[in-house]
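# A closer look at the structure
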Amino acid sequence: MPDEAAFNVMSAVTGTLTAHYAYLATLSSWVTDHGIDAGDADRYVRGLFQGVGRALGDETRSLDRLAADHETPKGNNERIRTTWFTQANAAALGEALDGLLDDLGRP
């Protein structure tokens, strides 16, 4: 049973992939809305997040450490994290994942 429970937890997290792509598409659209060519916006956002993917390969740093290492105090990244990805947004994500896990069959 623990293996099935672990599989369901990991399956719930897998359900966030298209939300990530939609997030990137929203960023690209925002850039385009501010006068940048759509192709240029798409290439920039893709390139930016391909770098994030490479950073994820560094398993010597926790995900929290990676986030901290990419922030300058009072800088752009810290501002977006603290004004957009608030505790309420993090809780809403947790609730969405819990709801999916319930549907998948929480032990």
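Above this note sits the structure.
Below or above, wherever it landed, is the structure these notes cover. Source: prediction; values computed, not measured.

## A short note on the pattern of salt bridges
Summed over the entire model, instances satisfying the criterion amount to six salt bridges. One salt bridge in this structure joins R43 and D40, with 2.6 Å as the shortest N-O distance. Linking R43 with D40, this pair stays in helix α3 (residues 38–56), spanning three residues, or about one helical turn. D69 is the partner of R65 in a salt bridge, and the nearest nitrogen-oxygen pair spans 2.8 Å. Of the two residues, R65 and D69 both sit in helix α4 (residues 63–69), four residues apart, roughly one turn of that helix. For R65, a relative accessible area of 42% puts it in the partly exposed group. Among the residues examined, D69 registers a relative accessible area of 37% and is labelled partly exposed.

## Notes on the packing of helix α2 (residues 17–33) against α3
Look at α2 against α3: their axes get within 8 Å of each other, and the N-to-C directions meet at 140°. With respect to their mutual orientation, α2 and α3 come out oblique. You can see that α2 and α3 cross each other, and the crossing is right-handed. Note on element contacts: α3 touches α2 through A38, A41, D42, V45 and F49, opposite Y23, L24, L27, S28, V31 and T32. In the contact of α2 with α3, the residues fall into eight nonpolar, two polar and one charged.

## Digging into the environment of H20
Turning to its location among the elements, H20 is positioned in helix α2. A relative accessible area of 38% means that H20 is categorised as partly exposed.

## Some remarks on the packing of helix α1 (residues 2–14) against helix α6 (residues 87–104)
Relative to each other, α1 and α6 sit at 130°, their axes nearing to 9 Å. Taken together, α1 and α6 sit at an angle that is classed as oblique. Once α1 is placed against α6, the crossing between them reads as right-handed. Where α1 approaches α6, its residues N8, V9, S11, A12 and V13 are matched on the opposing element by L97, L100, L101 and L104. The residue inventory of the contact of α1 with α6, partitioned by class, reads seven nonpolar, two polar and no charged.

## Description of the side chain of N8
Inspection of the secondary structure puts N8 in helix α1. Residue classification places N8 among the buried positions, given a relative accessible area of 6%.

What counts and what doesn't
- Residues numbered from 1 in each chain as written.
- Predicted model: local features only at pLDDT ≥ 70, side-chain atom pairs only at ≥ 80, totals over all residues.
- Heavy atoms only, no water.
- Salt bridge = Lys/Arg side-chain N within 4 Å of Asp/Glu carboxyl O.
- Helix = DSSP H or I, 4+ residues; strand = E, 2+ residues; numbered from the N terminus.
- Buried < 20%, exposed > 50% of the residue type's maximum accessible area, 1.4 Å probe, protein only.
- Axes fitted to C-alpha atoms, helices over the stretch in contact; angles between N-to-C directions.
- Parallel < 35°, antiparallel > 145°, perpendicular 65-115°, else oblique.
- Left-handed = near helix turned anticlockwise from the far one by under 90°.
- Contact = heavy atoms within 4.5 Å.
- Nonpolar A, V, L, I, M, F, W, Y, C, P; charged D, E, K, R; others polar.

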